Amino acid sequence: MQKPELLAPAGDLEKMKIAFAFGADACYCGGMRYGLRERSGNFSAEELTEAVRLAHRLNKRIYITVNSMPHNEALDDLPAYLQQLESLGVDALIISDPGVLQIAKQFAPHTAYHLSTQANTVNYRSAQFWQQQGFSRLILARELSLQEIAVIRQNCSAEIECFVHGAMCMSYSGRCLISNFLTGRNANTGDCTQPCRWRYHLLEAKRPGEYFPVNQDENGTTIFYSRDLCMIEHLPELIHSGVHGLKIEGRMKSLHYVATVTGVYRRAIDLYCADPEHYRYDPQWLQEIEKTGTRAFTTGFYFGKPGAEAQSYTGEPLQRAIDFVGIVRKRTEQGVWLEQRNHFSAGDRLEILLPDMQRLEIIAKDLLNQQGQPITTAPHAQMMVFLPMVQPVPVNSLLRLLKS
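Here goes a summary of the coordinates provided.

Criteria and cut-off values
Residues numbered from 1 in each chain as written. Predicted model: local features only at pLDDT ≥ 70, side-chain atom pairs only at ≥ 80, totals over all residues. Heavy atoms only, no water. Helix = DSSP H or I, 4+ residues; strand = E, 2+ residues; numbered from the N terminus. Buried < 20%, exposed > 50% of the residue type's maximum accessible area, 1.4 Å probe, protein only. Contact = heavy atoms within 4.5 Å. Areas by Shrake-Rupley, 256 points an atom, 1.4 Å probe, with all protein chains shown as cover. Axes fitted to C-alpha atoms, helices over the stretch in contact; angles between N-to-C directions. Parallel < 35°, antiparallel > 145°, perpendicular 65-115°, else oblique. Nonpolar A, V, L, I, M, F, W, Y, C, P; charged D, E, K, R; others polar. Phe/Tyr/Trp six-rings, centres within 6.5 Å; stacked < 30°, edge-to-face > 60°. Lys NZ or Arg CZ within 6 Å of the ring centre and 35° of its normal. Left-handed = near helix turned anticlockwise from the far one by under 90°. Salt bridge = Lys/Arg side-chain N within 4 Å of Asp/Glu carboxyl O. Pairing = 2+ DSSP bridges.

## Some words on the overall build of the protein
When helices and strands are tallied, the protein shows 10 helices and 18 strands. For the protein, the proportion of its 404 residues judged to be buried stands at 52%. Sequence-distant contacts in the protein: of pairs separated by 6 or more residues, those separated by 24 or more amount to 67%. For the protein, the computed accessible surface area is about 18700 Å², with 49% contributed by carbon and sulfur atoms.

Listed below in structure tokens is the structure:
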């Protein structure tokens, strides 16, 4: 048994730093072009330089998504961009298009190539083909069972990476055109509006006014709306399938989501690999993940083709028991300076989540603003607030307002 790499999403430099602090072995992120998350923060050339230096200083890895399907006119700038990425020393390029791979071999020949999940690899012959083209790691399609993954692993010596947590797509590993038709924004160049999450009524053309019984109530239904993948309860099965990388989806998710989900999976992976015989799943792990306010969960295709239980017919997210209100930026002997992210006040009951996933509960009191003046509330976005504390709380710890 090998210990798999835990990969976390990094929509921007701040989220990458948080992902590493909470235990990610590697982060995947996008530059300003050729990725599939146009509306995430992404990284400028200067930020990528800092990101690579930070990752390597921490003995971590950074993978850059170049996984869009570019049209002819988009290829002109690609050679220079790939040369730049190689000169920065990124650890791998995530690629889905064969043409992009050809250009990468010419202009970034010394960088590793990882096959994107957008290539829809679902059988071992395809895996063998892509390995022969030069990919050292294959990120398999989400539409595979554990048994199918094991067969691919047995017939292919390239590394295998699979998604362990995050949003599922109603289309085949993201190859969808609904967004294009309804909004003009192209899902396959990274600009999906996620119309599969919208509410719909199903109407037969020759029967105006007559709705089919897929409607759940008077507001319609979200018939395409998949639950989120969550494999926290089944990590042993995933690890024993022989995967080299376990990937968390979410470059457009919040800093709180990245920290919490990464920290939970880090804890579970470490405990299992340290002592498989005595490993026990902890229900509190799922409770922590639910605090991020994501959708309800499914195990996707891992245990067979999903049915109706994998869909959410209300479209409602899970109700969070907390609100993320701040992040610790500086620690002193008297307390911590935190950057406010949501409104909170003196007297509120707060939970502090440490990067090692330990939790402290405190009552907010004796708050000070940046000028050292007493305040009773922190209403301004990203204002700096001093919170007196006796307990040693490290930088990058998260503050959460307990609602009950």
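Resuming the write-up.
## Quick word on the packing of helix 1 (residues 13–21) against helix 2 (residues 45–57)
Where helix 1 meets helix 2, the axes come as close as 10 Å, and the angle between the chain directions of the two elements is 10°. With respect to helix 2, the axis of helix 1 lies roughly parallel. Here L13, M16, K17 and F20 of helix 1 come into contact with helix 2, specifically with E47, E50, A51, L54 and A55. Classifying every residue of the contact of helix 1 with helix 2 gives six nonpolar, no polar and three charged.

## What to know about the packing of aromatic side chains
Within this structure, the stated rule accounts for six aromatic pairs. Arranged with centres 5.7 Å apart and planes meeting at 75°, the rings of W130 and F135 form a pair that is edge-to-face. Across this residue pair, the class does not change: W130 and F135 are buried. Each residue in the set Y272, Y279, Y281 and W285 is aromatic and connected to the rest through ring pairs, giving one cluster. The ring of F163 has R142 sitting right over it, with the charged end atom 3.8 Å from the ring centre.

## Quick look at the environment of L401
Here L401 lies in strand 18 (residues 398–402). Along the primary structure L401 and A321 are separated by 80 residues, whereas in three dimensions their C-alpha atoms are 8.5 Å apart. If we skip the residues at most four places from it in the chain, L401 touches A321, I322, D323, V325, H343, D348, R349 and L350.

## Some details on the packing of helix 1 against helix 9 (residues 255–274)
In contact at an axis separation of 9 Å, helix 1 and helix 9 are set at 20° when each is read in the N-to-C sense. The angle between helix 1 and helix 9 falls in the class roughly parallel. Crossing geometry of helix 1 relative to helix 9 is assigned as right-handed. Contact residues: E14, K15, I18 and A19 in helix 1; L255, V258, A259 and T262 in helix 9. The residue makeup of the contact of helix 1 with helix 9, split by class, is five nonpolar, one polar and two charged.

## Things to note about the pattern of salt bridges
Tallying each qualifying case throughout the model produces 24 salt bridges. Between R329 and E14 there is a salt bridge; the shortest N-O distance is 2.2 Å. Of this pair, R329 sits in strand 11 (residues 322–331) while E14 sits in helix 1, and the two are 315 residues apart along the sequence. On the basis of relative accessibility, which here comes to 24%, the residue E14 falls in the partly exposed class. Each of E5, R61, R137, E159, E161 and K247 takes part in a single network of salt bridges with overlapping partners.

## With respect to the sheet that holds strand 17 (residues 384–388)
If you trace the six strands from one edge of the open sheet to the other, you get 15-14-18-11-12-17, paired in antiparallel fashion. This sheet does not close on itself; its edge strands, each paired only once, are strand 15 (359–363) and strand 17. The sheet shows a mean angle of 35° between the axes of neighbouring strands, taken without regard to direction. Bridge count between strand 11 and strand 12 (residues 335–340): five bridges; the pairing is antiparallel. By the bridge assignment, I327 is partnered in strand 12 with E339. Relative to the sheet, helix 9 contacts strand 11, strand 14 (349–353) and strand 18, its axis offset from that of strand 18 by approximately 100°.

## As for unusual backbone geometry
With a phi close to 60°, N120 is a non-glycine residue in the positive phi region. Note that N120 resides in the loop between strand 5 (112–115) and helix 5 (124–132). One non-glycine residue, N396, lies in the positive phi region at around 80°. In this fold, N396 is placed in the loop between strand 17 and strand 18.

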